[in-house]
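Coordinate analysis (summary)
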Amino acid sequence: VERAYLSINHCAQLMGGACALATILLTSRFHSDRVASMVTPFLLAISGSFAAASLSGTETTLVALLFTTGFVAYERGWSWTMGVALALAVLARPETWFITVLFFALRLLPWLRQTAGGGPRLTAFLLPVVAFLGLAALRSWHGGDFVSSLTAGLLTFQGSSLEGVGTVLRDFLISSVSPLLLIYALWYLLRRRLSSTGRRALFLGAGWTLMAATHGAEALPFNESMVPVLPILFIAVQEGLVNALNSTRGGVRQLAWGSFFGAG
């Protein structure tokens with residue numbers, strides 16, 4: 001970009017915006033029902049956090065795109081696509097190794113495991129592990145610590161407290177609004193009617209959100225630390241809303257539409 005005498009800031013913003021649009025497009029192809037498939041893209045399009053991150057010039061929306069790609073690949077059984085996406089995410093941002101742990105947990109927990117085909121092959125998880133170890137070795141070779149400061153703080157819970165975590169989560173829900181619609185996913189999860197995709201999306205989204213909340217002191221404006229997992233959280237919302245919209249009771253359907261547009 002420098003050799004072409006272009007603005008680095010503008011090009012970084014354009015790349016962030018392109019990743020945001022690609023993420024929205026990817027989530028729109030996730031559900032077979034045409035109406036239901038527009039829930040996640042709509043929630044992303046109206047999200048102030050997602051909009052701010054897309055033009056911030058940082059790697060946030062790139063990581064969101066890679067997370068979403070990894071999740072879609074997991075659902076479709078595309079082992080190496082998932083592995084490459086997670087490995088690139090690890091290289092893009094130091095704390096994203098955590099999402100690989102969550103993806104691996106999907107293989108271990110019986111109520112989250114895919115029944116048809118068993119999901120992606122375990123060997124695909126070697127790619128993000130190699131990326132993490134390679135980056136750590138490179139960091140050490142150049143005189144730094146083996147793990148990044150973010151990873152060290154995450155492993156030791158440095159600077160985190162229950163009160164601080166609660167404050168960050170409350171701020172995220174109140175200022176972003178749309179994640180409040182997760183109540184539908186939680187309700188149908190308790191009733192054991194949430195789809196397997198919805199359960200996995202809810203697990204990944206909740207896991208990352210709790211991890212990000214433990215670093216409340218380092219929170220970026222507009223809850224940008226939550227943005228990478230917003231598409232997956234909204235997929236969980238979508239799966240819960242689909243159940244409500246397919247209800248035989250008219251009042252439940254009206255409440256679902258009302259809260260959906262109310263959040264908007």
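Residues take numbers from 1 onward in each chain, read along the sequence in its written order. Where local features are concerned, this predicted model is filtered to residues with pLDDT of at least 70; where side-chain atom pairs are given and counted, the filter is 80 or more; whole-chain, interface and lining totals use all residues. Note that the side-chain values use all heavy atoms of the structure and ignore hydrogens as well as water.

**Observations concerning a nonpolar patch on the surface**
Among the surface-exposed residues, Val35, Phe42, Ile46, Trp257 and Phe261 lie close enough to one another that they form a single nonpolar patch of about 450 Å² accessible area. Here Ile46 is to be found in the loop between helix H2 (39-45) and helix H3 (48-54). A residue counts toward a patch only above 30% relative accessible area and without a salt bridge, and it is joined to like-charged neighbours within 9 Å or, for Val, Leu, Ile, Met, Phe, Trp and Tyr, to nonpolar neighbours within 5 Å. Surface accessibility follows the Shrake-Rupley procedure with a 1.4 Å probe radius. Residue values consider only the protein chains on display as shielding. Throughout this description, the term salt bridge denotes a Lys or Arg side-chain nitrogen within 4 Å of a carboxyl oxygen of Asp or Glu. A run of H or I in DSSP counts as a helix once it spans at least four residues, and a run of E counts as a strand once it spans at least two, with each numbered from the N terminus.

**Observations regarding the confidence of the model for the protein**
Every residue carries a pLDDT, the predictor's confidence in it, which falls somewhere between 0 and 100. When the pLDDT values of the protein are averaged, the result is 88; 94% of them are 70 or greater. At the low end of the mean pLDDT range in the protein sits helix H8 (residues 149-156), at 74; at the high end sits helix H5 (residues 79-92), at 96.

**Comments concerning helix H11 (residues 196-213)**
Each helix should span, by expectation, one fewer than its residue count multiplied by 1.5 Å. For H11, with 18 residues, the first-to-last C-alpha span of 26 Å sits near the 26 Å given by 1.5 Å per residue. Among the 18 residues that make up H11, 13 are buried, leaving the element largely enclosed by the rest of the structure. Relative accessibility under 20% of the residue-type maximum defines a buried residue, over 50% an exposed one, and the middle range a partly exposed one, all with a 1.4 Å probe and only protein chains included.

**Looking at the pattern of salt bridges**
Within the structure shown, the criterion is met by three salt bridges. Between Glu75 and Arg200 there is a salt bridge; the shortest N-O distance is 2.7 Å. Separated by 125 residues along the polypeptide, Glu75 in helix H4 (residues 60-76) and Arg200 in helix H11 bring together distant segments of the chain. On the basis of relative accessibility, which here comes to 16%, the residue Glu75 falls in the buried class. Residue class for Arg200 comes out buried when judged on its relative accessible area of 3%. Here Glu95 makes a salt bridge to Arg93, at a shortest N to O gap of 3.0 Å. There is no split in this pair, since Glu95 and Arg93 are both buried. The network of salt bridges with shared partners includes Glu59, Arg93 and Glu95.

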